[in-house]
Number of protein chains: 2
Amino acid sequence: MASPEIEQHLAPLRASVKEYGDLVRSLKESGAPKVDIDRAVVELKARKKRLEERELELAPKEAAFDRLKLEDLLKRRFFYDQSIASFRELDSAVSLTLRIEGVTGLYDFGPMGCAMKANMIDLWRKHFILEEGMLEVDCSVLTPEPVLKASGHVDRFADWMVKDVKTGECFRADHLIKNHAEKLIQDKKTSAADRDALVDVLAKLEGFDDKDMQAVIKKFHFKSPITGNELTDPIAFNLMFPTVIGPTGDFKAFLRPETAQGIFVNFKRLLEFNQGKLPFAAAQIGSGFRNEISPRQGLIRVREFTMCEIEHFVDPSDKDHPKFAKVRNYELSLFSACNQMDGRPAETCTIGDAVDKYNLERKQQLAGNGEMSKKRKKEVKKDMESQTCLAGNATSSQVWELGKGAVANETLGYYMVRVHQFLVKVGVDPRRLRFRQHLANEMAHYACDCWDAEILTSYGWIECVGNADRACFDLHQHYKATNVKLTAEKKLSEPKTVQVTEAVPNKALIGKAYKANAKQIMARLAELSAEDVGMLEGELRSTGKAVLTYEGGEAELKTDMLSVKRYEKKVHVEEITPSVIEPSFGIGRIMYAVLEHSFRQREGDEQRTFLTLPPQIAPIKCSVLPISSNLKLEPILEAVREQLAKHEISFKQDDSAGSIGRRYARTDEIGIPFGVTVDFESEKEPWTVTLRYALTMEQVRLQVSEVGRTVQDLAAGRMSWEDAQAKFPKFEQKADA
Amino acid sequence: MASPEIEQHLAPLRASVKEYGDLVRSLKESGAPKVDIDRAVVELKARKKRLEERELELAPKEAAFDRLKLEDLLKRRFFYDQSIASFRELDSAVSLTLRIEGVTGLYDFGPMGCAMKANMIDLWRKHFILEEGMLEVDCSVLTPEPVLKASGHVDRFADWMVKDVKTGECFRADHLIKNHAEKLIQDKKTSAADRDALVDVLAKLEGFDDKDMQAVIKKFHFKSPITGNELTDPIAFNLMFPTVIGPTGDFKAFLRPETAQGIFVNFKRLLEFNQGKLPFAAAQIGSGFRNEISPRQGLIRVREFTMCEIEHFVDPSDKDHPKFAKVRNYELSLFSACNQMDGRPAETCTIGDAVDKYNLERKQQLAGNGEMSKKRKKEVKKDMESQTCLAGNATSSQVWELGKGAVANETLGYYMVRVHQFLVKVGVDPRRLRFRQHLANEMAHYACDCWDAEILTSYGWIECVGNADRACFDLHQHYKATNVKLTAEKKLSEPKTVQVTEAVPNKALIGKAYKANAKQIMARLAELSAEDVGMLEGELRSTGKAVLTYEGGEAELKTDMLSVKRYEKKVHVEEITPSVIEPSFGIGRIMYAVLEHSFRQREGDEQRTFLTLPPQIAPIKCSVLPISSNLKLEPILEAVREQLAKHEISFKQDDSAGSIGRRYARTDEIGIPFGVTVDFESEKEPWTVTLRYALTMEQVRLQVSEVGRTVQDLAAGRMSWEDAQAKFPKFEQKADA
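In the annotation of an unreviewed UniProt entry, the entry for chain A reads Glycine--tRNA ligase, and the organism field reads Toxocara canis. Database annotation for chain A, UniProt heading Subunit (unreviewed entry): "Homodimer." Quoted verbatim from the Sequence similarities (unreviewed entry) field of the UniProt record, the comment on chain A reads "Belongs to the class-II aminoacyl-tRNA synthetase family."

This is how it looks when you write it as structure tokens:
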């Protein structure tokens, strides 16, 4: 909650959201037509958006942040830049430039960005794969079409675009509408009615489908912004990069749009690797590719990106997590679906409470409000244990009601905590971090519950980690495509009795009638379901014959060719299709957010900017600065470099001309947390140097022989700067002048 | 050199190679036509190949190696397997299987392979990037066409293939010829003459061009092995995977065939990052893609692979390396071009000798055999300092002569040592590792010198790391494409006087005559070279007018419109295009070689195989084995797991049923070097466990509280197993029974 003054400003906006939240609920409750609900949801989202924009406007600003300054720094010191930037900046190769200026959304990481990214990934690997004992895989980027057909990407992974009917130039439909509408709203010639309509369009645009967008384009006569030509109707553009494998062109393939599919297709092997036991988690770190129609916002929306994905496979009837007790009291900022519909802000709550609340509400709802009858209790228990996913089987209104700050299960909750811990460790400001629950109509149709870790940046709240309970959707899709069951065996607590209905063939008669095909026919009979056997039996009884389709053709069976046997069997295991809980990280987005959150200006000297990256993430841990280029310092410098190399500390020596203060500023700018300076005092035996902490600009003096271990401990977080100050004498000279 | 008995067998083959080596030399010396030399080289290579095959046949075998057993292990324990293997093994989805069975050459790494690969890359990063202070970059995989046009890949990165004229099915031409020829040679109906001709074809195939191959296909009437249809002439197939960026289809791009180009296009920025100074090295780790016509041999020839590439930029006139003195006495097995031509085997020699020899021979050769005259000495010096690359400018015969076990410069030699150190560290058997120098006609036309690190596997000698001095080729290619000079400034030891010739325009007259275009004309005049100015001047003098082409068109200049000014200028720097020395690693190939070299069978029990991977590379460092599933062991197990996790040691608990001996065998099989067993003795306070070393199967007993640090030190190589045995009591029980 913001301050009372601000809340006063926001109150009407909150009420306006709630009005539509309530309307949506009541429409769902009363079973209103889908079109009415959808319309109300669009309006609800528009109101939510207005509220959020106002909230951000009114929020007390973080210490002045200047994006242009940060971007300049990132480019100048080569954290990252657009790919083949050198080809772009040419006057002398105009034709070439034209040929590649459309190629946006690709970035090259320079030494600083590359090291920072590698450090983040290293930390991720330790935090998740090592600490949680996950199975890491590394699958190919090139993915044959059938895999992505099975996953649904070939059919559904698309954005709407419109084309210039004459030049063929493409525009993302929603972006085009937004740009045109904003221009028209500013235009004095636009009528008041049109202006209102356009404001309305902008607010609702996110929820528009192709027909909505086409209607707007037609109504306002939107044309190509480049040529003024007419535009086509919106057409779906698949966002995967296509290619072909092999020389014939017959094997279509795509660059993977996510790493997750590589895990799903290897599920059986991974299960086997885990000795057949659930739960287990697999993880993958690697590149993903999306052919965005119009990439923008730097690292936020790009065409090639690094993902870290976890697929945690779990028994759908038991999503408890063994380590949940350890994190139960960990607090998160949760922006539940319910709060979003009520116009209320995110709330801080322990993950234990959030999961308990869900279970409680779920029970109450399933039981009705009164005392539960014994029968009802049993039903509730069964329902909760069943493999059915809430979103899949419960009515929509149930889903809407269940969102009250509640997280669907312990495993999902456990991961949300671990994600939060990771993000804070790499340098995300926890005050600018929240988990936003998807509303029912945002959620992929197969997901049970989904909470995005969103980070507040100068671009607004950015989704950086998706945390979804995807139920059994993915494994089921691949099963449908391959007919290979992707299931695990679950040991039953007590053996279960099942009814078996079997068609027993009269081998002699079938053999005589069908000769070479008899074997196939009997194989087919053996695999019939109880239901199929029943139908066959019925047909035989009523007509004396029945047709059986098998791989080799069709066979007409007579009554004497088979008998039906029914009996009970005790089974000790059952086959289950695991649920998948998926945390999915966009490393580039997190990296950008960390850079924004760690960007500072020195008080009193705004030109002097620096990065307060956590030492574990900092691209370079230590700078080495000779106070002069006098050659007598060289043996001491060599000793310092040896110390650092021996302790595997990345360092950079800056012996450029310029005052030591200016060189400190250069190292601060790229977030080097520690700096060793060799000065003329260093020469006295035993050699000593100063060690400086960039954040506070304080210095201590220590022996060269102590440098390696000290910086190593500081950089790994085993020693704090206060510890160092207690251990070594303070060095007073004001070198930052 | 092999044993005298073996050498006796090889002698005639060696002589037969030398005969052609000498012939090639003399042909080159006498300036024979290229076609004659090429023919002799093909025969030379065929003879080399026969010699090598015989050498391998006669060499004493490594302890019996069974490739099928290793492959079974790698698949079963999920080191790696073909991508989407689950889609491949289906009977029930035949149509789908057919659609993807042609999609070969793609591999998924499971938990074991993935961890092993990550460990290798981690070690690579420390060994090269950290220890040598390299600038790491991470560039996009998607590469716009202009970049690969500039690098030459669009035009030249291709293999020959032939197509079935009716079905369009494709075959790599050399593979098709090989398979047909081998079959015909076996066929009793083949005439002796044809058999001889085909043996000859097989030996020379590697050097064949499209015309040679077409001649063979026509002569022997080779058809499609699938349909028996006629085949097309060999056509070039570009090995890059094509795609398009953005929705219009206008921006062609490829998946990068190597990571190196990302470094070259960022050269300017990297130089700037290095404060403008040479030498410096940049490195990149990432995926490369080659659309092989027919991938095979497991990880050896694949379509998607991990590369680690270094581009070391250096002043072409000074390729000494500051750390060369440290490695001067390091011995390598060098298989020089000269030895290859003489039919002699690889020789062991220090890198210092190899580089010295080169310089000596180079001097002698340039000076002639007699005493050098002063003038000649000066010429030699100039030549050696010049930027010209030997292979580019020297005659071919010089290149052939210079190969006598000699490495072209200190920087190349230094990297060869570092590469050798790395390969041995990750587990390559140094006895099966050699550096083979490229023969002149194998070398890319721009390279000065190239030594491949080759590793002997069951597939023969495999190129795993290329080490090339590429001179200024790459930077020059990108300069030609963009017209942006990719040069560095070199401070001259003393200022140099240069002649300047400048065209000075008469602004008033040109302005009057050309109005709006005058500015462009004057800009053009300012950028004319001295030579152009001279020509313009000459033309004006002789005809009174001259035509100048500028961006806006053509201008006719008159004598009074410009004067020519000539003067001397002192310059303190000169522009140089750096040479590039490139070590390029194929991680998958190295990984496969390490797996082969570390694969063992227990003496007396051949079914029991194990991997002796270096602990730093082992996917899992430690196993945890409870001797029974008795719950009272659980707290001790938990304490062991905590110890290991705290020390960041990857571990795997195996509590499957089965004797402890069988479980040890399971962990040995995947190369887990250390194993902790919790038994019933463990319960006595303070808790103790046994620690087992897989290689020797010996065990010691230590306290649980000592486990983490001990295994950490052992795994990092800070403690040897002997140290551990000295420190802790031996545990005698024979658990491996």
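From this point, things continue past the structure.
(A) Molecular detail of the overall build of chain A. Scanning chain A for helices and strands turns up 29 helices and 29 strands. Buried residues in chain A amount to 53% of all 737 residues. Across chain A, every contact between residues at least 6 apart in sequence was considered, and the portion connecting residues at least 24 apart equals 71%. As displayed, chain A offers around 33,900 Å² of accessible surface, 50% of which is attributable to carbon and sulfur atoms.

(B) Structural context of the relation of the copies chain A and chain B. Note on the identical chains: chain A maps onto chain B by a rotation of 180° and an axial translation of 0.0 Å, with an RMSD of 0.2 Å. The superposition operator between the copies reduces to a two-fold rotation axis. Minimal C-alpha distance to the rotation axis in chain A is attained by T243 of chain A, lying at 2.6 Å. Here 100% of the contact residues of chain A are again contact residues in chain B; the copies associate through an equivalent surface.

(C) Here's a closer look at the pairing of strand β11 (residues 304-314) of chain B. Residue and element names in this part refer to chain B. Summarising burial for β11: 11 of the 11 residues are buried, a large majority. With burial as the criterion, each face of β11 is covered, one bearing E304, T306, C308, I310, H312 and V314 and the other bearing F305, M307, E309, E311 and F313. Bridging between β11 and strand β21 (residues 579-586) involves six bridges; their strand directions are antiparallel. The residue bridging V314 from the neighbouring strand is S579, located in β21.

(D) Representation of unusual backbone geometry in the model. In this structure, P279 of chain B follows L278 of chain B across a cis peptide bond, with omega equal to -10°. Relative to the elements of secondary structure, P279 of chain B occurs in the loop between α13 (267-273) and β10 (280-289). At the junction of E685 of chain B and P686 of chain B, the peptide bond is cis and its omega measures out at -10° in the coordinates. Tracing the backbone through its elements, the reader meets P686 of chain B in the loop between β26 (674-678) and β27 (688-693). A positive phi angle, near 60°, is found at M697 of chain A, a position not held by glycine. Along the polypeptide, M697 of chain A turns up in the loop between β27 (688-693) and β28 (698-703).

(E) Spatial organisation of the packing of aromatic side chains. Here the structure, examined in full by the defined rule, presents 34 aromatic pairs over all chains. Ring geometry for Y414 of chain A versus Y415 of chain A: centroids 6.0 Å apart, planes at 70°, classification edge-to-face. Both residues of the pair, Y414 of chain A and Y415 of chain A, count as buried. Seen in terms of ring centroids, F267 of chain B and F313 of chain B are 4.9 Å apart; in terms of plane orientation they differ by 50°. Their pairing is tilted. One end of the pair, F267 of chain B, is in helix α13; the other, F313 of chain B, is in strand β11, and 46 residues separate them in sequence. Summarising the burial analysis for this pair, F267 of chain B and F313 of chain B share the class buried. Note that R602 of chain B overlies the ring of F610 of chain B, its terminal NZ or CZ placed 3.8 Å from the centroid.

(F) Looking closely at the sheet that holds strand β6 (residues 170-172) of chain A. Residues and elements named next belong to chain A. Taken together, the three strands give an open sheet; going across it, the order is β6-β5-β7, and neighbouring strands pair in antiparallel fashion. Two strands in the sheet have a free side with no partner beyond their single neighbour: β6 and β7 (235-238). Across this sheet, the average inter-strand angle for adjacent strands is 50°, counted without regard to direction. The pairing of strand β5 (residues 158-163) with β7 spans four bridges and is antiparallel. Pairing of M161 across the sheet is with I235, part of β7.

(G) Broad picture of the packing of helix α1 (residues 4-29) of chain A against helix α2 (residues 34-58) of chain A. Residues and elements named next belong to chain A. Two elements in contact, α1 and α2, have axes whose closest approach is 9 Å; the angle formed by their N-to-C orientations is 165°. With respect to α2, the axis of α1 lies roughly antiparallel. The handedness of the crossing between α1 and α2 is left-handed.

(H) Representation of helix α21 (residues 473-482) of chain A within the structure. Considered for burial, the residues of α21 of chain A that qualify are F473, D474, L475, Q477, H478 and T482 of chain A. Count one or two residues on from α21 of chain A and you reach N483 of chain A, which has phi positive near 70°.

(I) The arrangement of the sheet that holds strand β13 (residues 347-350) of chain A in detail. All names here are of chain A. An order of β3-β10-β11-β21-β16-β15-β14-β12-β13 is seen for the nine strands of this open sheet, with the pairing classed as mixed. At either end of the open sheet lies a strand with only one pairing partner, and these are β3 (135-137) and β13. Pairwise comparison of adjacent strand axes, ignoring direction, gives a mean angle of 30° for this sheet. The pairing of strand β10 (residues 280-289) with strand β11 (residues 304-314) spans 10 bridges and is antiparallel. Residue pairing in the sheet places F280 in a bridge with F313 of β11.

(J) Focus on the interface of chain A and chain B. Taken together, the contact between chain A and chain B spans 87 residues of the former and 87 residues of the latter. Both faces combined, the contact of chain A with chain B buries some 7,200 Å², and carbon together with sulfur accounts for 64% of it. Across the chain A-chain B interface, the total number found is eight salt bridges. Close ionic contact of R269 of chain B with D81 of chain A constitutes a salt bridge, the shortest N to O distance being 2.3 Å. Per element, the largest residue contribution to the side of chain A that touches chain B is eight residues, and it comes from helix α6 (residues 111-130) of chain A.

Criteria and cut-off values
Residues numbered from 1 in each chain as written. Chains lettered and ligands numbered in written order. Predicted model: local features only at pLDDT ≥ 70, side-chain atom pairs only at ≥ 80, totals over all residues. Heavy atoms only, no water. UniProt positions renumbered as here; feature names shortened; annotations may be inferred. Helix = DSSP H or I, 4+ residues; strand = E, 2+ residues; numbered from the N terminus. Buried < 20%, exposed > 50% of the residue type's maximum accessible area, 1.4 Å probe, protein only. Contact = heavy atoms within 4.5 Å. Areas by Shrake-Rupley, 256 points an atom, 1.4 Å probe, with all protein chains shown as cover. Least-squares fit on C-alpha atoms with pLDDT ≥ 70 in both. Pairing = 2+ DSSP bridges. Phe/Tyr/Trp six-rings, centres within 6.5 Å; stacked < 30°, edge-to-face > 60°. Lys NZ or Arg CZ within 6 Å of the ring centre and 35° of its normal. Axes fitted to C-alpha atoms, helices over the stretch in contact; angles between N-to-C directions. Parallel < 35°, antiparallel > 145°, perpendicular 65-115°, else oblique. Left-handed = near helix turned anticlockwise from the far one by under 90°. Buried area = accessible area lost by both parts, 1.4 Å probe. Salt bridge = Lys/Arg side-chain N within 4 Å of Asp/Glu carboxyl O.

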